[in-house]
Structure formats: C-alpha cells, structure tokens
Amino acid sequence: MVNTTKLAETLFDACNNQQPLSKENIPADISTADAYEVQHRLTEMKILQNEDKLAGYKISLTSEETQRLFNATTPLYGALTDSNISKGTIKLENMLSPLLEIELMFIANDELSTADSYHSILQKTSIAPGLEIPDSRFTDWFPKTSMGQVIADSAVAGKIIAGEPVNGLTYEQLGSINAKLTLHDELLVEGQATEVLGNPVHAVEWLVKKLAENGRTIEKGMIISAGTFILPKKLQKGMYQVKFDKIGEASLNVI
C-alpha cells in the first residue's frame, strides 16, 4: 500500500530545500489516483506550513507528442501556488532542471463548473500571453519520469509568467493563434494553439471536469496555465520574449 503522506512529505522537503530527488523516491508505477492524492497532500502542506496560497492550476500533456513521451493517453494537472507565479525575472541557480514552454494563461473571472461549455468558459475568463517554466524535483526527469511521478510532483510546476490579459476572443480566434518565442531577439521556436487539444479552451474544459472528480473547482481569480504550444526547450540565461497573435506578449529575464 502506498503511503501518500510520506511521499508528499518527501516532495515537500525537496521543494523547501531545493534539493533534487532520485526518481526512485516515488514509485514509477504509482497509480494515477495515488499520485493525485500525493499532489493534493503536497499542496496542503505548502498552504498550511509555508502559507503559500493556492493560485490555480497547470495542465500538461495536452498534445499527442507530449503524451507519447510519457506513455499517456490523457492530460494531467498540477497545482500552482503563489510561489509559482513570477513577475518576469528568474535566477537560473534557484531552479533545479528547468525547461521553457509557450502557454496561454486563462484567468477565471467567475467560478467554473462542469456545467460550463467551452463557450461559457471563454465568457467567464480572460486570456493572457504567457510562458511556463516546468521544473521537477527529480534529477534527469525529462522525459524519463512516469506519468504518475509527474502528477505527484505537481505536474513539475516551476514558474509561470503572464502578460496583460484580454477579453472577448472567439473560439475560432483562439484556435488560430500562432506564437513566436525569441531569445535575445532571435527566433527560437514558434508554435500553434492547435497543439493544445486542438484549442486551448478544450484543455480548460478538461481540467474543470477532472478537478470535479477530485472534489476541486476553479474559483474566481485563479489562473490556469493551459498547455504548451511546443516541445519544451532547456532554459538558459538571457531575455526571452513570446508574442501571440491577437493576444499580446510576455517577457522573461533569466539571470
């Protein structure tokens, strides 16, 4: 029987001490249900012991390509706390093994429920340009961890950056967005919103339903990092900028 409390404590200590763990600390064959239980306990420890408020959620494995890397058939989610939100500057030495992804950030202007269609989700949210920096507590983790290990580790939540949000995007506009990521003004990679379950709002719709299965909801004010447009890139020092059609831009300075 899996001791989910002990596993959560192990991850919590790794988070607080900034000390990477061997993957053997969390069983590779841990079930999805047990992995989410570990994650939920870990989030509770952050809230209660570190006074690190729950800020929202991130969604991972939203493309067929990333699902294949982890032998998965569905997305997964992880909790975001206040400490995961960056104002745009990150010290590389404070991260363990960070990557970089292009993502849209949905900000809930009202509570979301399973009764919401993707059309009503768009009406209830603002959408911001963003970047996500996944960062695992495990050494040598990408793509060498199991889906259960990723879930337990809060879906490898590291940092997220969100630019200025906009309102009023239609489903069709959202699905046609292209984004370009530059490093020191040189094009690094570009990606399409269609990589995120065909349209990023479908990822949010999936999240709402999956959270409900675990007795959780998206509350007003929460932020959702909706899934990557690209395969993750290794984070390095420098000035990054991402520009999204119809949305705007966001910047990240890695020092």
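Structure: see above.
Anyway, here's the lowdown on the structure attached to this text. (Residues numbered from 1 in each chain as written. Predicted model: local features only at pLDDT ≥ 70, side-chain atom pairs only at ≥ 80, totals over all residues. Heavy atoms only, no water.)

1. Quick word on the overall build of the protein
Okay, step 1: Across its full length, the protein holds seven helices and 12 strands.
Okay, step 2: Residues counted as buried form 55% of the 255 residues belonging to the protein.
Okay, step 3: Here the analysis covers contacts within the protein between residues at least 6 apart in sequence; of these, 77% occur between residues at least 24 apart.
Okay, step 4: For the protein, the computed accessible surface area is about 11400 Å², with 47% contributed by carbon and sulfur atoms.
Okay, step 5: Between the mean site of the 23 positive side-chain charges and the mean site of the 33 negative ones, the protein shows a separation of 3 Å. (Helix = DSSP H or I, 4+ residues; strand = E, 2+ residues; numbered from the N terminus. Buried < 20%, exposed > 50% of the residue type's maximum accessible area, 1.4 Å probe, protein only. Contact = heavy atoms within 4.5 Å. Areas by Shrake-Rupley, 256 points an atom, 1.4 Å probe, with all protein chains shown as cover. Lys, Arg positive; Asp, Glu negative; His and termini not counted. Charge placed at Lys NZ, Arg CZ, Asp CG, Glu CD.)

2. Some details on the layout of surface pockets
Okay, step 1: In this structure, the largest pocket occupies an estimated 350 Å³ of space.
Okay, step 2: Every residue lining the largest pocket is counted, 20 residues in all, and those nearest its centre are Cys15, Gln18, Ser83, Asn84 and Lys159.
Okay, step 3: Within the residue set of the lining of the largest pocket, elements represented by two or more residues are α1 (4–17), α2 (32–50) and β3 (89–90).
Okay, step 4: If one sorts the elements of the lining of the largest pocket by residue count, α1 sits on top with three residues.
Okay, step 5: Considering only residue class, the lining of the largest pocket consists of five nonpolar, nine polar and six charged. (1 Å grid on protein atoms, 1.4 Å probe; cavity = no way out; pocket = protein on both sides within 12 Å on 5 of 7 lines; lining within 4 Å. Points joined across faces, edges and corners; volume = space filled by probe spheres on them. Nonpolar A, V, L, I, M, F, W, Y, C, P; charged D, E, K, R; others polar.)

3. Some details on empty space enclosed by the protein
Okay, step 1: Inspection of the entire model under this criterion finds one cavity of 30 Å³ or more.
Okay, step 2: In this structure, the largest cavity occupies an estimated 180 Å³ of space.
Okay, step 3: Together, 19 residues line the largest cavity, and Ser60, Leu61, Phe70, Glu101 and Pro232 are the ones closest to its centre.
Okay, step 4: Of all the secondary-structure elements, those providing two or more residues to the lining of the largest cavity are β1 (54–60), β4 (99–108) and β9 (223–228).
Okay, step 5: Its residues assigned to classes, the lining of the largest cavity shows 11 nonpolar, five polar and three charged.

4. Here's the deal with the sheet that holds strand β8 (residues 186–192)
Okay, step 1: Taken together, the five strands give an open sheet; going across it, the order is β3-β12-β11-β7-β8, and neighbouring strands pair in mixed fashion. Both outer strands of the open sheet, β3 and β8, are each paired with one neighbouring strand and no more.
Okay, step 2: As judged from the seven bridges shared by strand β11 (residues 238–244) and strand β12 (residues 248–254), these two strands associate in the antiparallel manner. Bridging from a neighbouring strand, Val242 pairs with Ala250 of β12. (Pairing = 2+ DSSP bridges.)

5. Some words on the environment of Asn84
Okay, step 1: As for its position among the elements, Asn84 is in the loop between β2 (76–81) and β3.
Okay, step 2: The buried category is assigned to Asn84, whose relative accessible area is 6%.
Okay, step 3: Distance from Asn84 to Glu37, taken between C-alpha atoms, is 20 Å for residues 47 residues apart in sequence.
Okay, step 4: Once you skip the residues sitting within four places of it in the chain, Asn84 turns out to touch Ala79, Ala157, Gly158, Lys159 and Ile160.

6. Here we look at the side chain of Ser126
Okay, step 1: The topology assignment puts Ser126 in strand β5 (residues 125–133).
Okay, step 2: You can call Ser126 buried: its relative accessible area is 8%.
Okay, step 3: Within the structure, the side chain of Ser126 is placed 2.4 Å from the side chain of Asn167, a separation counted as a polar contact. (Polar contact = N/O pair within 3.5 Å; in protein donor to acceptor, adjacent residues only side chain to side chain.)

As far as function goes, none of this settles anything; it's purely spatial.
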